[in-house]
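Tertiary structure, described
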Amino acid sequence: MALVAGIDSSTQSCKVFVRDADSGELVRSGRAKHPDGTEIDPAAWKDALDTAVADAGGLDDVDAVAVGAQQHGMVCLDDGGDVVRPALLWNDIRSAASARDLVDEVGAQQWADAVGVVPLASITVSKLRWLADNEPTNADRTAAVCLPHDWLSWHLGGAGSLDTLATDRGDASGTGYFSAATNTYREDLLELGMRGRKPRLPRVAGPSERIGETASGAIIGPGTGDNAAAALGLAAGVGDVVVSIGTSGVVSAVTDVGAADPSGIIAGFADATGRQLPLVCTLNAARVLDATASLLGVDHDELSSLALSTASDGLVLVPYFEGERTPNRPDASGSIHGLRLNNSTPGHLARAAVEGLLCGLADGIDALRAAGIETRRVLLIGGGAKSAAVRELAPAIFGVPVVVPEPGEYVADGAARQAAWTLAGTAEPPQWASARARTYEADPTPTIRERYAEAASRP
Ligand SMILES: Nc1ncnc2c1ncn2[C@@H]1O[C@H](COP(=O)(O)OP(=O)(O)O)[C@@H](O)[C@H]1O
Ligand SMILES: O=C(CO)[C@@H](O)[C@H](O)COP(=O)(O)O
């Protein structure tokens, strides 16, 4: 029996899932936590990976491995391959003004046409501009720039010369200097971000290309960004909208036609199979529930019960706890609207937190629909999908049926499926049985959306 391993190095943790390469059956798994913060020494990801691999019983008997990881993180390497400074993660908003500068210099429509992405604080090119303007010495020392998954794959393969760095089009498309439409780097935009400097970039491997070998002889697949890996893990098809409630809230769909949205709401990313992955991402998702539970002094199950046992009654929570990316309001904060004596209860606050989180994601679904993307049903994943209140309330707020696959790690599964594909050398990824799933349906509740839209539009 050939074994493959999929790794998910996400914002909060690292997960390793070992599966049978032919059937996809789960053999064993492991996990480890990442430190908190939006600026992280990549060595912490490596430590967590080593712990998670050990927790999963090691990888010595595994034939192929691939890494899915949080997108956009800026990993700068010097000539010798050492990191120049801690990585700035996708949710680090210090680069918001740099993003605005880049949009002013080039134009939003021009960015969308060139790379499918209008720079925001999250996008790698904005972080590089921040580096060039605020830490010019570090920018000068930067011989190569790569992403979290590129760096981990490179280390799995022994971290040789910078020439051996590799990425895939799924993750490259989140940098702001790679076009998913033409499958080429726009080195001119990288140079613009770096104010004239030209660090080297990872080679962009094909969707199932071998990029190296681990010390124990396992083939390394190209890996990808976590959202592209999730779509592959779920085998998302036409009409499927994947909604992930992790640290980020993500709404995405696999399509043939890419996005070029000058409003910046939809990012024109690539998927992990050679297609496109238009995507809307919010900064505030599962942690909205974490924060509300902590505010109320309850755990997640109690928060969910409170929300489900209380009817909506005019209280609106706008969840911009960490500023917001979509809409682009990096300096915003969370707010509560419509407090009255009769709705000033823990239950109403719990309900408003779940509804606020879901309304932000529903706006993302609407944006995909308005762009002509079929939105027949939602596949709901991520840590937040473990909340019964999220699952129960989502279909009414999203206005479409919500399919919740059994609790799992679909990013790690996508990476494992890619590893199996790389191992097989076939034209298409292997067909693995779909996870068991439950479908939730409900009549739409437009009033909740309208109340939220009114509150969220206030400055
Ligand atoms: N039962 C639950 N209800 C709501 N949120 C939960 C529950 N269990 C875990 N979470 C939250 O889910 C988040 C982790 O989800 P995950 O998808 O792994 O995130 P990431 O991929 O960003 O690391 C954490 O913020 C955690 O508190
Ligand atoms: O920035 C994005 C997508 O554009 C995020 O989705 C990151 O990729 C982090 O993902 P999670 O750790 O929240 O899953």
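Numbering of residues starts from 1 in each chain and follows the order in which that chain's sequence is written. All chains are assigned letters beginning at A, and all ligands numbers beginning at 1, according to the order in which they are written. Residue-level local features of this predicted model are given only where pLDDT is at least 70; pairs of side-chain atoms are given and counted only at 80 or more, and the full residue set underlies all totals for whole chains, interfaces and linings. In computing side-chain properties, one takes all heavy atoms of the structure into account and sets aside hydrogens as well as water.

The line we're drawing: UniProt positions are given in the numbering used here, feature names are shortened, and annotations may be inferred rather than shown by experiment.
The name given to the chain in an unreviewed UniProt entry is Xylulose kinase, with Rhodococcoides kyotonense as the source organism. Quoted verbatim from the Function (unreviewed entry) field of the UniProt record, the comment on the chain reads "Catalyzes the phosphorylation of D-xylulose to D-xylulose 5-phosphate."

Focus: the site of ligand 2
What counts here: When at least one non-hydrogen atom of a residue lies within 4 Å of a molecule or strand, that residue is treated as near it. Polar contact criterion, stated in full: a pair of N or O atoms within 3.5 Å, where within protein one must be able to donate a hydrogen and the other to accept it, and residues adjacent in sequence count only if both atoms are side-chain atoms. To measure how exposed things are, a 1.4 Å probe is used in the Shrake-Rupley method; for residues, cover is taken only from the protein chains shown. Numbering of helices and strands runs from the N terminus, with a helix taken as a DSSP run of H or I at least four residues long and a strand as a DSSP run of E at least two residues long.
Not every one of the 15 residues close to ligand 2 is listed here, only the nearest: Thr-11, His-72, Asp-226, Ser-248 and Arg-325. One of the backbone N or O atoms of Gln-71 is found 2.9 Å from an oxygen atom in ligand 2. For ligand 2, an oxygen atom lies 3.0 Å from a polar atom in the side chain of Asn-227. Isolated, ligand 2 exposes 380 Å² of accessible area, and the fraction of that covered by the protein chains is 95%. Contributing elements (two or more residues each) for the shell around ligand 2: helix H9 (226-234) and strand S19 (276-282).

Re the UniProt feature "binding site: substrate" (unreviewed entry) in the chain
Put simply, the test is: Residue exposure (1.4 Å probe, protein chains only): buried if accessible area is under 20% of the type maximum, exposed if over 50%, otherwise partly exposed. We call two residues contacting when some pair of their heavy atoms lies within 4.5 Å.
What UniProt calls "binding site: substrate" (unreviewed entry) maps, in this numbering, to Gln-71 and His-72. With respect to the helices, strands and loops of the structure, His-72 is situated in the loop between strand S5 (64-69) and strand S6 (75-77). With relative accessibility at 2%, the residue His-72 sits in the buried group. Setting aside chain neighbours within four positions, we find His-72 in contact with Trp-90, Ser-122, Ile-123, Thr-124, Lys-127, Leu-147, Asp-171, Gly-174, Phe-269 and Arg-325.

Things to note about the UniProt feature "active site" (unreviewed entry) in the chain
UniProt annotation of "active site" (unreviewed entry) refers to Asp-226 when read in the numbering used here. When you line up the elements, Asp-226 lands in helix H9. The class of Asp-226 is buried, set by a relative accessible area of 13%. Excluding anything up to four places from it in sequence, Asp-226 contacts Asp-8, Ala-69, Gln-70, Gln-71 and Val-411.

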